[in-house]
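Residues per chain are reported as follows:
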Amino acid sequence: MSWLADLIPSPDTRVPVTFESLTQLLLPTWLCCYVTAVLVLLPGTLYARLALLPVSLWFTFRTGTRLDLIVQYNDDRLLFINEALTLAMFTMALRCIIWTFQTKPLYRTIRADSEEPTSPKSYTICQVAADALELTNNARGIGWNWSKGLYIPEETRPTHSRIAFILSTIPYYLFSTIIFDSCHFAVQSFSPSTFGSGVGGTIFDSSLPPLQMYLRSTAITLLSGFTVCYNIQSLYYASTIISLTLPLGQTPEQWPPIFGAKPWSATSLSEFWSRKWHQLFRDLFVSVGYNPASYLFGHAAGVAAAFFVSTVLHVTGLWGMGRGGEFLCTAAFFMSNAFGIILERLWTKVTGRRVEGVWGNVWTLAWLLVSAQPLVDAWARTGMIGTMFFSEGARPVNLISRAVLGYNVWS
């Protein structure tokens, strides 16, 4: 595999953020993506998109493997920022691929599930520029014709007024941030000197009897799931507030809830992944994985392909931390969930009954908790659990503990 090592630069060869690195790597990468977005809005641009695609893929690869956003800080707890960079580059590459092979121009709609365009098909230059910018920043496709089939959770906040919507979002942001940091603190507290820090370490304590060891790893896995869920929600609510406060022309309808109500209440794996979990990467998994594989080999192959694309996406992000991509552990989680969804479909065909109800919920949670342990262990060993999202003084658990106890509970 020496050719692979030669193709993918070692993490220690990445360069810091400078004016030169930004203009040679990040800026042209974004411009390629933006130009592709412009072209996919216009008819008759297929050959131009095909010509641009290799350049776009090259720049996303170079930026993801050559740029280091936190080398100057020399702090292992900030490695997640590089993970976010490689994840962003990979998703950008996939979106460029999808847009390149789009047979019909994309356009904005009145509603996400509407087929009626909101503006004339003859674009003005300003419309093209604005819509392309919106397209590059729209993960779920809300308000676009390509989001057909997207599940949008029910909205409970007032959408008649932007100010009212922002004010009603603030409590959600604060609550999600506090719960996220509390769960993160709880996970780190299991082993502050190993995976609770940037050093990393396994969640499986071999010094304990097997039953205690797996009960401990299960508790860590459960808390890690809540950490991820509420972390994403916190970031999403913050983005909602910022995007609607700035003069970007966005409306509350473009920022519906990111998760279905109570993801842990899912009564099947199918419901969990299609309606309860966030759908930020749905189009990537469907367009690159499910659609071509299901067309060639059927539904089961499509499901497996979608989860394989998810595996590669998460491995790429994890690789960005500079400690390996942990492919086998990551694949163990996502591909086992694909297998579980296929089993549910087979169960329905054989018995005529859907997986649902109380026992469906037990099945779903048990499958997720068992299958996620190798993934969470990979996170722990690579130092992701030891990530520092807040400074010591601004960390929510410390702010609360200082107000109640008079001292920081974490440092």
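Residues numbered from 1 in each chain as written. Predicted model: local features only at pLDDT ≥ 70, side-chain atom pairs only at ≥ 80, totals over all residues. Heavy atoms only, no water.

Colleague: Please set out the layout of surface pockets residue by residue, giving values where relevant.
Modeller: When its volume is computed, the second largest pocket comes out at roughly 550 Å³. In this structure, the second largest pocket is lined by 20 residues; those nearest its centre are I98, Q102, W146, D283 and S287. Of all the elements in the fold, those that place two or more residues in the lining of the second largest pocket are α4 (80-100) and α9 (282-297). Of the residues assigned to the lining of the second largest pocket, the class counts are ten nonpolar, five polar and five charged. (1 Å grid on protein atoms, 1.4 Å probe; cavity = no way out; pocket = protein on both sides within 12 Å on 5 of 7 lines; lining within 4 Å. Points joined across faces, edges and corners; volume = space filled by probe spheres on them. Helix = DSSP H or I, 4+ residues; strand = E, 2+ residues; numbered from the N terminus. Nonpolar A, V, L, I, M, F, W, Y, C, P; charged D, E, K, R; others polar.)

Colleague: Requested: an account of the environment of S217, with residues and values cited.
Modeller: Mapped onto the fold, S217 is located in helix α7 (residues 210-245). Residue S217 is classed as buried on the basis of its relative accessible area, which comes to 0%. Taking the C-alpha atoms as reference points, S217 and T194, separated by 23 residues in sequence, lie 14 Å from one another. The residues contacting S217, other than those within four sequence positions of it, are I203, F204 and Q373. (Buried < 20%, exposed > 50% of the residue type's maximum accessible area, 1.4 Å probe, protein only. Contact = heavy atoms within 4.5 Å.)

Colleague: Let's hear about the UniProt feature "transmembrane region" (unreviewed entry) in the chain: which residues, and what values?
Modeller: Summarizing the sequence annotation, UniProt attributes the feature "transmembrane region" (unreviewed entry) to residues 31-59, 79-101, 219-238, 293-315, 327-347 and 359-380 in the numbering used throughout. Secondary structure across residues 31-59 comprises 83% helix and 0% strand; the distance between its end C-alpha atoms is 10 Å. The straight-line gap between the two end C-alpha atoms of residues 79-101 is 34 Å; of that span, 91% is helix and 0% is strand. (UniProt positions renumbered as here; feature names shortened; annotations may be inferred.)

Colleague: Can you lay out the packing of aromatic side chains for me, pointing to particular residues and giving the numbers?
Modeller: Counted according to the given criterion, the structure contains 24 aromatic pairs. Plain terms: the ring middles of F175 and Y230 are 6.3 Å apart, the flat faces sit at 80° to each other, and that makes the pair edge-to-face. Highlighted residues: F175 in helix α6 (residues 162-189) and Y230 in helix α7, separated in sequence by 55 residues. Pairwise contacts between aromatic rings join F259, F272, W273, W277, F307, F333 and F334 into one cluster. (Phe/Tyr/Trp six-rings, centres within 6.5 Å; stacked < 30°, edge-to-face > 60°.)

Colleague: Could you give an account of empty space enclosed by the protein, naming the residues involved and the relevant values?
Modeller: In this structure the tally under the stated criterion is one cavity of 30 Å³ or more. Put simply, the largest cavity is a space of about 30 Å³. Every residue lining the largest cavity is listed: R140, W146, S147, L150, Q279, R282 and D283. For the lining of the largest cavity, the class distribution of residues is two nonpolar, two polar and three charged.

Colleague: Requested: an account of the nonpolar core, with residues and values cited.
Modeller: Grouped together as the largest cluster of nonpolar side chains are 41 residues, with contacts concentrated most on F195, W273, W277, F307, F333, W379 and I385. Secondary structure elements with two or more residues in this core: α6, α7, α8 (269-276), α10 (299-319), α11 (327-351), α12 (357-371) and α13 (373-381). The element contributing the most residues to this core is α7, with seven residues. What F307 contacts, discounting residues up to four positions off in sequence, is W273, F334, M335, N337, A338 and I341. (Core = buried A, V, L, I, M, F, W, Y, C linked by side-chain atoms within 4.5 Å.)

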